[in-house]
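Secondary and tertiary structure notes
Chain by chain, the residues:
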Number of protein chains: 2
Amino acid sequence: MSSEPVMSVADARSVATLRSLALDQVQTARSGHPGMALGAAPIVHTLFSRFLVSDPDRPDWVNRDRFVLSAGHGSSLLYALLHVAGYDVALDDLRGFRQWGSKTPGHPEHGRTPGVDATTGPLGQGLANAVGMAIAETMARARLECVGGSLIDHRTFALVSDGDLMEGVALEAAALAGVLKLGRLVVYYDDNGVVIDTPAAATHSSDAVCGALRAYGWHVSAPIDGNDVEAIAAATQRAIDVTDQPSLIRVVTTIGYGSTFAGTSKIHGGALDEAEARRIKTILGEEFLEPFGPPADVREFWTSFARRGSAAHADWDKRLEAARAAQPETVAQFERWQSPEPVSDEQILRLVEPLAEPEAARFTSGRILNALCEARPELVGGAADLVAATISYLGGGGDYSAEDRSGRNIRFGVREHAMGAIANGIALHGLFRPFTSTFLVFASYQANALRMAALQGLPVIHVFTHDSITVGEDGPTHQSIEQLAMLRATPNTLVLRPGDGAEAITCWAMALSNRSGPSALIMSRSALPRLDRSRQVGDARRGGYLLRPAPDGVDPDMDIVASGSEVSLAVGAAELLAERGIVAQVLSMPSQEVFLAQPLSYRDAILAPGRPRLVVEAAHPQSLWQLAGADGEVYGISRFGASAPPDVLLREYGFTAEQVADAAERVARSRRPQASAEAAGSRG
Amino acid sequence: MSSEPVMSVADARSVATLRSLALDQVQTARSGHPGMALGAAPIVHTLFSRFLVSDPDRPDWVNRDRFVLSAGHGSSLLYALLHVAGYDVALDDLRGFRQWGSKTPGHPEHGRTPGVDATTGPLGQGLANAVGMAIAETMARARLECVGGSLIDHRTFALVSDGDLMEGVALEAAALAGVLKLGRLVVYYDDNGVVIDTPAAATHSSDAVCGALRAYGWHVSAPIDGNDVEAIAAATQRAIDVTDQPSLIRVVTTIGYGSTFAGTSKIHGGALDEAEARRIKTILGEEFLEPFGPPADVREFWTSFARRGSAAHADWDKRLEAARAAQPETVAQFERWQSPEPVSDEQILRLVEPLAEPEAARFTSGRILNALCEARPELVGGAADLVAATISYLGGGGDYSAEDRSGRNIRFGVREHAMGAIANGIALHGLFRPFTSTFLVFASYQANALRMAALQGLPVIHVFTHDSITVGEDGPTHQSIEQLAMLRATPNTLVLRPGDGAEAITCWAMALSNRSGPSALIMSRSALPRLDRSRQVGDARRGGYLLRPAPDGVDPDMDIVASGSEVSLAVGAAELLAERGIVAQVLSMPSQEVFLAQPLSYRDAILAPGRPRLVVEAAHPQSLWQLAGADGEVYGISRFGASAPPDVLLREYGFTAEQVADAAERVARSRRPQASAEAAGSRG
């Protein structure tokens, strides 16, 4: 295809400006990715100048078109675009590319730069985020039908690279997008035929992936010349006109357009030497030799973008007010989604009672979720094909599908990674509160999506059931060991592991109230007896509390700290210890992070320093050592599980009340802390 | 399609026996997955009775055809098959299905059951494993060309479910298999149209995924009736005849064949009630009502499988001896791959010298790998499109491709998860030693593959570079924080983080010597000065040692423990502390696990109890608390990174020598251990 621009003078000058500003950033920072920015500039130019509707003065306008730069290494191009399009991204911000505290980090970061709709960079995530946004749009559109049309009726655009389309998370999301017929999702494929290590063909075929998406039900365009603005525009219009399929517009670009190294991986990353940069600038036009100087006519050209967005926004405001008059309940609901308040235990307790008899946390969780369906209309989500096991279904919420966009239960399929990334997209969209569910062990399939939620502060709720070896017969492939440690080591992630039905309610209230990052609700497969909290000291809401204090007037000999299914086990152990003349207190610790964030006065009141201590969890002990502190030992599982009935496994891995009591007694009788107490027994 | 068997009496009786024995296991265990076993029995019957060549008396014969049951929940079917086919799986083993210590766990486990070629269950992994096995076969075939044909010339078969083909890891592997034209890979697709939560069509389309694989370059059969043995056989033969494409044979089966709930998700998992089981048994034949009683004629039918395999094995033994005479060097090389010895530091030092000047660990690692190319011909592997950054290339090893099977560098593409699972398949194949490489943060993309390597004890070597915030400008999406904790919490995973070039050599030697599980080599992006080890006490090979002891005759005030790039930082801090009158020793700890496994005498000699201690790592501190013990504090990073030059980040996150010295001084001056010492500074 031609590598010469096929476009009007105005378009060409804008494209040259974007290329030039992108290159200026990389050269100034002495780091970054010039290749894609130079190659893909005509794509974003065409999209933003002719199609995308957004108000740069109000980049959080909820009905704006969304744009996800899935290939986040092209950030300098996005920043250049946001600058000329009128967002609050100044030339000085571009000069600060990749510097501490700037608005222009190495990869786009949502919340840091006006106009950036998703944090991207780890490949594949952005496409799945866009699928989530497109799902959220259809859900909102269906629910917010008002006089004169729905309050939500925008499009979702994304730009993906070869690398994006190699990642499994993108393919999972693409397959689901096809089934769900997300017609307002339009994705540009920057098909430059180059990956970092090699010509892409050595490991990847553009034809193949386009064929795959076509098979998955996508409308896929013929290859478009990446320098032909009119062709890109025509393909975009056709994609918009296809309303019952997501669209992939295949744009054949030249990585590093204008460079001596154009079309090779040499231009993918890194700043260029002065002569090479100058060479490219000269091709773009002499006037671009001076860095950071967008021409006045290009600035003038782009004023129409802000005018279009601002007019659309004003028009939408009028529709909102008309709707408020005509359908006040619909508008009130819509506004309530966007400003949910913290949730108290009492609010949930009004809907769900803990049972007197033992109940698995997953079932309590299922009852809670079910009950929340009506009270929390912003909740939407589903499972990775394990609803029947995770009991995570909004009863009465209906199934979301291509035919019924009002459904609130999403059938993600066996696609854990995309589930996480799609949930992130729903959260980024800003209207709904997404939840996901699967077995805890499969958190390992979606770890990078979980991290992206945490990094962006997205309030996604993850219900992870079947924690630990009590999964039983399904065996070690299905039994979590290291996942709790992984989640607890992920910054800004609230991990909650309730010990009975009452704590499950508290944990759900905490998760619903946590709007600054994801929450992981860890729910047992096995039944948990209702804990006797008649003598409770402290509050589960503070992360940990003294469930079973020493009898009044008696000095405790030791503390046992536990979470989840091990809390009742610890109570059983304490009872055995009492028979042996050892006074053991039991602390329940549904959330380490929350407990450790309490003031020292609370922590010391609950877990006094200087007393022997055993921290028990049927999981890898790594995350227990901090709680053990100077006075304690840990009691966990440092090897993989096995296939056997749960009771057998608990015995073989040292998790009967008797075995925990034995370990606790050793701790109580030897005040000097020791090295890791590995659970007894050996793998059969 | 017909659901009535279309097959000879002998075939029908064998299929009925497999169905019956599979059901017997589930009913006896009162748990398991009857649906797929009942549905897919004709597939495995046909494959094993007519095509697959393996010697049940020597299930580890290296030139056997491989079979991976990717849909591992069909384990009862596989065990039934292994029993009738003559493997060392007795009826009593079948009676022990899913019980502690049995040969018949809930999901197939490699190494536990003769004839099980891979541990499966987490969906998608098995298909990627099979791709790895098929790659290994082509590599061996190319390298072991001898008189009378190559010593390795087997096929790789797999059976996948709808769920497998939804998983991203499977799609990544399938895309690569197409590019690599793996003609001896034959995969059956158990297309039963049902997933657990819903009819599959609600979330997945069989037509779509078949179309996708066709686009990826696979030979995909027309739909075959799952009860038509002759049709399955004909499709298998066609697939075998297609030698330049991997093949997918789409077999339309009825989940839970014979059950009232056939064709629904109700029959996917769980034992059946007595009446329902009896109903199915009656359909299979009255004689099957008695559990665990395979008919004599079926036993007789299956003797031909063992005869075929045993004859092929004997024939192969002759070829091996002929080759040994004609091409002794080739055979010696082949046998050496299979019994590699431990590697000493000295062996590597003969090939690679540590530099006097500072060198990034990734570059040292690259030099080592390069040098190992000739010395270790069993090493094969590559990167997820980051060779240029991870420096993980076997110089002179050639690029592996469809055209050149002798190449040893695999271009995995941007497919981290499949890279891990394919490497597992190469390791399972048994001839080659696979390595992979990517940035440490992307360990989160492949966490479940890493766990499967650990669970199976596979000696895969993972080179993870660009650890921590020193990634710099690329920002938080590319900076590992929680990954070291995740890896260290994964059982049976050796994590090695060298502090300079000499330690990089030791760590590589340790990784090469570790054959009982995966090793993770954590290599810095930034340059590491050569450490002064003139006064060293202890040995890096033991996981940790005293790099900088107190001067002779001087009592140390404290210890600083560090790994990787923080070791030289700790030395710098110790020098500053010396100026402040504090004698700080510095311990280098390239491997916590190895150090903690040393006898107490070694540990106490290196890290004496009762002395103030600061444990430093530019990563989440969770995995440091155990080392901190009763006497210490941790100094890590509990939040995400940021985009800025590395030096700026190190200062902002508290990782200058001055800042570490300040923290250490606080510890030295206050012997009472305190809560987590979060690094100074705040996110800008």
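Reading guide: rules and limits
- Residues numbered from 1 in each chain as written.
- Chains lettered and ligands numbered in written order.
- Predicted model: local features only at pLDDT ≥ 70, side-chain atom pairs only at ≥ 80, totals over all residues.
- Heavy atoms only, no water.
- Pairing = 2+ DSSP bridges.
- Helix = DSSP H or I, 4+ residues; strand = E, 2+ residues; numbered from the N terminus.
- Axes fitted to C-alpha atoms, helices over the stretch in contact; angles between N-to-C directions.
- Contact = heavy atoms within 4.5 Å.
- Expected span 1.5 Å × (residues − 1).
- Bend = angle between axes of the 7 residues up to and from the residue.
- Buried < 20%, exposed > 50% of the residue type's maximum accessible area, 1.4 Å probe, protein only.
- pLDDT = per-residue confidence, 0-100.
- Least-squares fit on C-alpha atoms with pLDDT ≥ 70 in both.
- Domains from an automatic or database assignment.
- Salt bridge = Lys/Arg side-chain N within 4 Å of Asp/Glu carboxyl O.

So, on to the sheet that holds strand S8 (residues 379-383) of chain A. Residues and elements named next belong to chain A. Taking strand neighbours across the sheet as the criterion, the 6 strands line up as S9-S8-S10-S11-S13-S12 in an open arrangement whose pairing is parallel. Only two strands of the sheet have a single neighbouring strand rather than two, namely strand S9 (409-411) and strand S12 (494-496). Across the sheet, the mean angle separating the axes of adjacent strands is 20° when strand polarity is ignored. Of the strands in this sheet, S8, strand S10 (433-439), strand S11 (461-465) and strand S13 (519-523) touch helix H14 (residues 361-375), which is tilted by about 130° from S13.

This part takes up helix H2 (residues 34-51) of chain B. Residues and elements named next belong to chain B. For H2, with 18 residues, the first-to-last C-alpha span of 25 Å sits near the 26 Å given by 1.5 Å per residue. Helix geometry: H2 is bent most strongly at Ala40, by close to 55°, with proline Pro42 lying one to four residues after it. Most of H2 is tucked away, with 17 of its 18 residues classed as buried.

Let's shift gears to the confidence of the model for chain A. Residue and element names in this part refer to chain A. For chain A, per-residue confidence averages 95 on the pLDDT scale, and 97% of positions sit at 70 or higher. In this model residues 672-684 is a low-confidence stretch, pLDDT under 50, and it forms 46 contacts with partners more than four residues away in sequence or in other chains. Interface confidence for the predicted complex, expressed as ipTM, amounts to 0.96; the pTM equals 0.97.

Each copy of the sequence occupies a distinct position, and chain A is placed on chain B by a rotation of 180° and an axial shift of 0.0 Å, giving an RMSD of 0.0 Å. As the rotation angle and translation indicate, the two copies are arranged about a two-fold axis.

Under the domain assignment used here, chain A contains domain 1 (9-310), domain 2 (345-528) and domain 3 (537-682). The distance between the C-alpha centroids of domain 1 of chain A and domain 3 of chain A comes to 52 Å.

All names here are of chain A. Applying the stated rule across the entire model yields 72 salt bridges over all chains. When the shortest N-O distance is used, the salt bridge between Glu321 and Arg324 registers 3.0 Å. Pair noted here: Glu321 and Arg324 are both in helix H11 (residues 296-326), with a separation of 3 residues, about one helical turn. On the basis of relative accessibility, which here comes to 42%, the residue Glu321 falls in the partly exposed class. Using a relative accessible area of 30% as the deciding quantity, one classes Arg324 as partly exposed. A single network of salt bridges, built from pairs that share partners, joins Asp467, Arg488, Arg497, Glu566 and Glu617.

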